[in-house]
Amino acid sequence: MRGSVVAVSSSGEYTFTKPNRGGIRLIAGLGVEGDVHSGVTVKHRSRVAKDPTQANLRQVHLIHEELFAEVADAGFTVAPGQLGENITTSGLDLLGLPAGTLLHIGDTAVVEVTGLRNPCRQIDDFQHGLLKQVVGHDDEGNVVRKAGVMSVVREGGTVHPGDPITAHLPATPHLPLAPV
């Protein structure tokens with residue numbers, strides 16, 4: 001499976017949206033250099049409040065650009081970085097990947113997909129009603145989360161818009177993604 005990087009974003013402050021950059025540097029075991037969510041232990045405020053010693057399984061957030069087109073059909077305008085992601089992708093079914101998938105990005109960077117982003121009410125603070133577009137239910141009543149995937153950095157490197165992404169699936173049996 002192949003895709004590409006549409007945009008890269010980072011912020012050194014706790015802000016919902018992240019400004020686009022010309023490139024971001026991924027650091028093995030930490031995340032995006034200079035990003036507020038970089039670190040070995042959790043950095044998301046709600047998780048720090050529960051247990052600040054938890055491993056940070058949310059070092060790098062990826063969202064598929066195709067989501068923006070989907071929510072646009074419902075009247076919402078979302079651009080890369082506005083939902084807080086670090087890497088906006090195209091052409092890769094992020095939500096369909098199993099846990100443990102390795103994403104080779106650009107020349108050297110490798111991230112391991114750890115799970116789904118669990119969208120929060122801040123999405124509605126950004127654009128009222130958007131949360132219902134990125135969290136819904138399937139025909140059987142199961143919660144469906146569409147706001148991207150979380151990952152940890154296994155091999156560092158610099159990532160730029162236009163870089164290729166290649167997905168390497170883990171050994172079977174594949175484990176479905178769950179919120180992290």
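On a predicted model such as this, the values are computed, not experimentally measured, just so you know.

**Here's the deal with the overall build of the protein chain**
Next, step 1: Looking only at helices and strands, the protein chain has 4 helices and 13 strands in total.
Next, step 2: Relative to the globule expectation of 16 Å for 180 residues, the C-alpha radius of gyration of the protein chain, 15 Å, shows essentially globular dimensions.
Next, step 3: Judged by the C-alpha coordinates and their principal axes, the protein chain covers about 35 × 35 × 35 Å.
Next, step 4: The buried share among the 180 residues of the protein chain stands at 44%.
Next, step 5: Accessible area for the protein chain stands at about 8700 Å²; split by element, carbon and sulfur atoms hold 51% of it.
Next, step 6: Of the side chains in the protein chain, 15 bear a positive and 19 a negative charge, and the two mean positions are spaced by 8 Å.

**Details of the pairing of strand E8 (residues 109–116)**
The side chains of a regular strand alternate between the sheet's two faces.
Next, step 1: Burial within E8 is extensive, with 7 of its 8 residues counted as buried.
Next, step 2: Between strand E7 (residues 102–105) and E8, which follow one another and run antiparallel, lie 3 residues, and Gly 106 among them has a positive phi close to 65°.

**Thoughts on the nonpolar core**
Burial of nonpolar side chains together is a common tendency in soluble globular proteins.
Next, step 1: If you look at the biggest cluster of nonpolar residues, it comprises 23 residues, and the most contacted ones within it are Leu 26, Val 60, Ile 87, Leu 103, Ile 105 and Val 159.
Next, step 2: Within the residue set of this core, elements represented by two or more residues are strand E1 (2–9), strand E3 (24–27), strand E5 (60–64), E7, E8, strand E11 (149–155) and strand E13 (164–168).
Next, step 3: Among the elements that make up this core, the one with the highest residue count is E8 (4 residues).
Next, step 4: Discounting chain neighbours no more than four positions away, the residues touching Ile 105 are Val 5, Ile 87, Val 111, Val 159, Pro 164 and Ile 165.
Next, step 5: Residues Phe 68, Leu 83, Ile 123 and Leu 131 belong to the second largest nonpolar core, which totals 13 residues.

**As for the pattern of salt bridges**
Next, step 1: In this structure the tally under the stated criterion is 5 salt bridges.
Next, step 2: Residue Lys 18 is joined to Asp 35 by a salt bridge in which the shortest nitrogen-to-oxygen separation is 2.9 Å. Of the two residues, Lys 18 is situated in the loop between E1 and strand E2 (20–21) and Asp 35 in the loop between strand E4 (31–32) and helix H1 (45–50); the sequence distance between them amounts to 17 residues. Across the pair, Asp 35 and Lys 18 agree in class, each one buried.
Next, step 3: Across the salt bridge formed by Arg 121 and Asp 125, the nearest N and O atoms sit 3.2 Å from each other. Note on accessibility: Arg 121 and Asp 125 belong to one class, exposed.

**Things to note about the packing of aromatic side chains**
Next, step 1: A full pass over the atoms with the stated rule returns 1 aromatic pair.
Next, step 2: Between the aromatic rings of Phe 16 and Phe 126, the centroid separation amounts to 5.7 Å while the plane-to-plane angle is 40°, which identifies the pairing as tilted. Taken as a pair, Phe 16 in the loop between E1 and E2 and Phe 126 in helix H3 (residues 122–126) lie far apart in primary sequence, 110 residues in all.
Next, step 3: Residue classification places Phe 16 among the buried positions, given a relative accessible area of 18%.

**Topic: the side chain of Thr 88**
Next, step 1: Mapped onto the fold, Thr 88 is located in strand E6 (residues 87–90).
Next, step 2: Judged by its relative accessible area of 0%, Thr 88 is buried.
Next, step 3: Thr 88 has contacts with Ser 4, Val 5, Val 6, Ala 7, Ile 63, Glu 65, Phe 68, Pro 80 and Gly 81, leaving out every residue within four places of it along the chain.

**Side note on unusual backbone geometry**
Glycine aside, residues mostly have negative phi angles, and peptide bonds mostly take the trans form.
Next, step 1: With an omega dihedral of 5°, the bond running from Thr 172 to Pro 173 counts as a cis peptide bond.
Next, step 2: Inspection of the secondary structure assignment puts Pro 173 in the segment after E13.

**Side note on the sheet that holds E3**
Next, step 1: As summarised here, the arrangement of the 3 strands in space is E4-E3-E12, forming an open sheet in which the pairing is antiparallel. Of all the strands in the sheet, the pair left with one neighbour each is E4 and strand E12 (157–159).
Next, step 2: Relative to E12, E3 is paired through 3 bridges, and the arrangement is antiparallel. Across the sheet, residue Ile 24 finds its bridge partner in E12, namely Val 159.

How each quantity is defined
- Residues numbered from 1 in each chain as written.
- Predicted model: local features only at pLDDT ≥ 70, side-chain atom pairs only at ≥ 80, totals over all residues.
- Heavy atoms only, no water.
- Helix = DSSP H or I, 4+ residues; strand = E, 2+ residues; numbered from the N terminus.
- Rg over C-alpha atoms; globule rule 2.2 N^0.38 Å.
- Buried < 20%, exposed > 50% of the residue type's maximum accessible area, 1.4 Å probe, protein only.
- Areas by Shrake-Rupley, 256 points an atom, 1.4 Å probe, with all protein chains shown as cover.
- Lys, Arg positive; Asp, Glu negative; His and termini not counted.
- Charge placed at Lys NZ, Arg CZ, Asp CG, Glu CD.
- Pairing = 2+ DSSP bridges.
- Core = buried A, V, L, I, M, F, W, Y, C linked by side-chain atoms within 4.5 Å.
- Contact = heavy atoms within 4.5 Å.
- Salt bridge = Lys/Arg side-chain N within 4 Å of Asp/Glu carboxyl O.
- Phe/Tyr/Trp six-rings, centres within 6.5 Å; stacked < 30°, edge-to-face > 60°.

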